[in-house]
Amino acid sequence: MNPQFKKGVLELIVLESVRRKDMYGYELVEEVSEVIDVNEGTIYPLLKRLTNERYFETYLRESSEGPPRKYYHLTAAGILYLERLAAEWEEFQARVNAFVRGGGG
Amino acid sequence: MSKERFLSELREYLSILEDQEQEDILAEYAQHIDMKMLKGLSEEEAIRDFGSVKELAAEILAAYHVDSEHALAAGRRGIWPVTPGSGRNNAGFGRSEPGRHGRGLPGPGRIFGGVNRPEQTGQAGSGAHEKGLSAYGTEEAEGDERPETFFGRFCRRGKELLLRTLRGMQAGLCWIGRKCRGAAAWCARPFTGRGTQADSPDVDEEYAGLLEDGEYAGSDAVAKNVKDDRCVTNEESAKRECHDINVTNGNALRRKKDGIRETKERSSAMGGFFGAIGRGMVQMWQWMLDCCIFGLRLCWNTGWLLFSLLCAGIAMVMLLGVGMTIVLLCCGYPFTGIFITGLGGLLCFGALAAAGFGMMIRKKKENEDGTKGKRMEEVHYEQTA
């Protein structure tokens, strides 16, 4: 798939994934990889940025399989941002689809 | 590339960030690699999926609103400037509006900057070829990692050696500086004849928490800060953190305390005759200084008093003039302008005189009070300045 397309929707997919369930980094990478093929290393910077912008908050949860895992949780600001992003996406893909299918802008 | 090397390289690139942030980030990547290895992948395979370390670091720095171009280029020289507008603060977080990208953020366009494997993209990595990242000659511009050449290895090792040497020299200079300071303090003791306990009130306050076993008493604030910063819900982890911090603090304080106790014992033995001479000289110097300051203040206050009296005299004359003008006005003479001028002058000079006398009176009141800590001459100086 064209990487430019993936660039645009990665944030939306990550936000939506965390909205459904609090996840830790590796789990989130696997979840996102099921939707789009993404370089795993790029997820963490994105998570860090979203955390810095207060869309995510983090907490540690003990794990039986090793050291405590850092879970990401969507904040209220994150939910609002996700909703806005989703709405923009809907409008965007509808207009693009309409144009590509010859319906005009 | 091995896991250790990957993490150490990433740490180098991220050294501009706070230690806590670095550890946080590296722990996530380490955990990710471990989980992939549990699934059956080798270390190299697990790390290969991350792509280029440099580009990864650039993405991470972008999340902190750090100008990654300069930061990474400077990192190669071992210097980490923080560019204006980088937004780096003590917490290591860059603030931005809750918009899509925030201030200075490159946007999702950079996320895939050539980091995808070539077989996935089918084209040369787009973002990695952005001018900024390739400007300082990255070899990973194509998005895949080339094996390190001999020259590259030589440069890297040379740099590591140079950094180690510089750190050693810095540590040596600090040690020399400490010894010189201690020697100078020891030489000065005979002339001051005083112990050092009063010189370090901040250490005394810290002693309050120092326990006999060397551990700092610690505080709830430390536990709270650790908990908040790390979002740790597990009490045991938070307590472990606090214990580590407290032991470190306690050891540092104990070393300080031992050092000061030793200096005090030496200085008390050297007091006596030389100490008395020194104290006398200091007192005489202070007395001369006080006399000079008293003379200056006396002249200043006298000048101010004379000025106030002059203004009061002029104000009285103005008052007389205004009175006469009122009478003449009532008699029908056209002296309105003169009256207004006289009134203005009266108010002006009256205010000046009142200000000067007011300060004198306030000075007197505060002296009688004795409650104000500051001497009135200082207040006078401040106000007139």
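Residues numbered from 1 in each chain as written. Chains lettered and ligands numbered in written order. Predicted model: local features only at pLDDT ≥ 70, side-chain atom pairs only at ≥ 80, totals over all residues.

Asker: An account of the overall build of chain B is requested, with residue identities and associated values reported.
Answerer: Counting secondary structure elements, chain B contains 14 helices and zero strands. Reading chain B from its N end, one meets helices and strands in the order α-α-α-α-α-α-α-α-α-α-α-α-α-α. When contacts within chain B are restricted to residue pairs at least 6 apart in sequence, long-range pairs at least 24 apart make up 59% of them. (Helix = DSSP H or I, 4+ residues; strand = E, 2+ residues; numbered from the N terminus. Contact = placed C-beta atoms within 7 Å.)

Asker: Run through the overall build of chain A, naming residues and quoting values.
Answerer: Secondary structure summary: chain A contains four helices and three strands in total. Along chain A, helices and strands appear, N-terminal first, in the series α-β-α-α-β-β-α. A total of 105 residues make up chain A; the buried ones form 36% of that total. Long-range contacts, defined here as pairs at least 24 residues apart, represent 43% of the contacts in chain A between residues at least 6 apart. (Buried ≥ 20, exposed ≤ 12 C-beta atoms within 10 Å, placed from the backbone.)

Asker: A description of the packing of helix 2 (residues 25–35) of chain A against helix 3 (residues 43–52) of chain A should follow, citing residues and the corresponding values.
Answerer: Residue and element names in this part refer to chain A. Packing of helix 2 against helix 3 brings their axes to within 10 Å, and their N-to-C directions diverge by 115 degrees. As judged from the angle between their axes, helix 2 and helix 3 are roughly perpendicular. Considering how the two elements wind past one another, helix 2 and helix 3 form a crossing that is right-handed. Here Gly25, Leu28, Val29 and Val32 of helix 2 lie close against helix 3, whose contacting residues are Ile43, Tyr44 and Leu47. Along the lines of polarity and charge, the residues of the contact of helix 2 with helix 3 split into six nonpolar, one polar and no charged. (Axes fitted to C-alpha atoms, helices over the stretch in contact; angles between N-to-C directions. Parallel < 35°, antiparallel > 145°, perpendicular 65-115°, else oblique. Left-handed = near helix turned anticlockwise from the far one by under 90°. Nonpolar A, V, L, I, M, F, W, Y, C, P; charged D, E, K, R; others polar.)

Asker: Could you give an account of the nonpolar core, with specific residues and numbers?
Answerer: Soluble globular proteins tend to bury their nonpolar side chains together. Residues Val18, Leu28 and Ile43 of chain A together with Leu10, Leu14 and Ala57 of chain B are the most contacted members of the largest nonpolar core, which totals 45 residues. Residue contributions to this core peak at eight residues, all from helix 4 (residues 53–63) of chain B. Counting residues in each nonpolar core, the second largest holds six residues, with Cys311, Met318, Leu346 and Ala353 of chain B among its members. (Core = buried A, V, L, I, M, F, W, Y, C linked by C-beta atoms within 7 Å.)

Asker: Please set out the packing of helix 3 of chain A against helix 4 of chain B residue by residue, giving values where relevant.
Answerer: Contact geometry of helix 3 of chain A with helix 4 of chain B gives a least axis separation of 8 Å together with a crossing angle of 10 degrees. In terms of axis orientation, helix 3 of chain A runs roughly parallel to helix 4 of chain B. In this structure, helix 3 of chain A uses Pro45, Lys48, Arg49 and Asn52 of chain A to contact helix 4 of chain B, whose residues at the interface are Glu59, Ile60, Ala62 and Ala63 of chain B. Partitioned by chemical class, the residues of the contact of helix 3 of chain A with helix 4 of chain B number four nonpolar, one polar and three charged.

Asker: How would you explain the confidence of the model for chain A if you had to name every residue and give the values?
Answerer: Confidence in the prediction for chain A averages 88 pLDDT; 97% of positions are at 70 or higher. The lowest-confidence element of chain A is helix 1 (residues 3–20) of chain A, averaging 88 in pLDDT; the highest-confidence one is helix 4 (residues 76–100) of chain A, averaging 93. (pLDDT = per-residue confidence, 0-100.)

Asker: Tell me what's going on with the sheet that holds strand 2 (residues 56–63) of chain A, and back it up with residues and numbers.
Answerer: All names here are of chain A. Pairing is antiparallel in the open sheet, where three strands are placed in the order 1-3-2. Of all strands in the sheet, those bounded by a partner on one side alone are strand 1 (23–24) and strand 2. Two elements, strand 1 and strand 3 (residues 66–74), share two bridges in a ladder whose sense is antiparallel. By the bridge assignment for strand 3, Met23 is matched with Tyr72. Strands in contact with helix 1 are strand 1, strand 2 and strand 3; relative to strand 3, the strand with the most contacts, it is inclined by about 105 degrees. (Pairing = 2+ DSSP bridges.)

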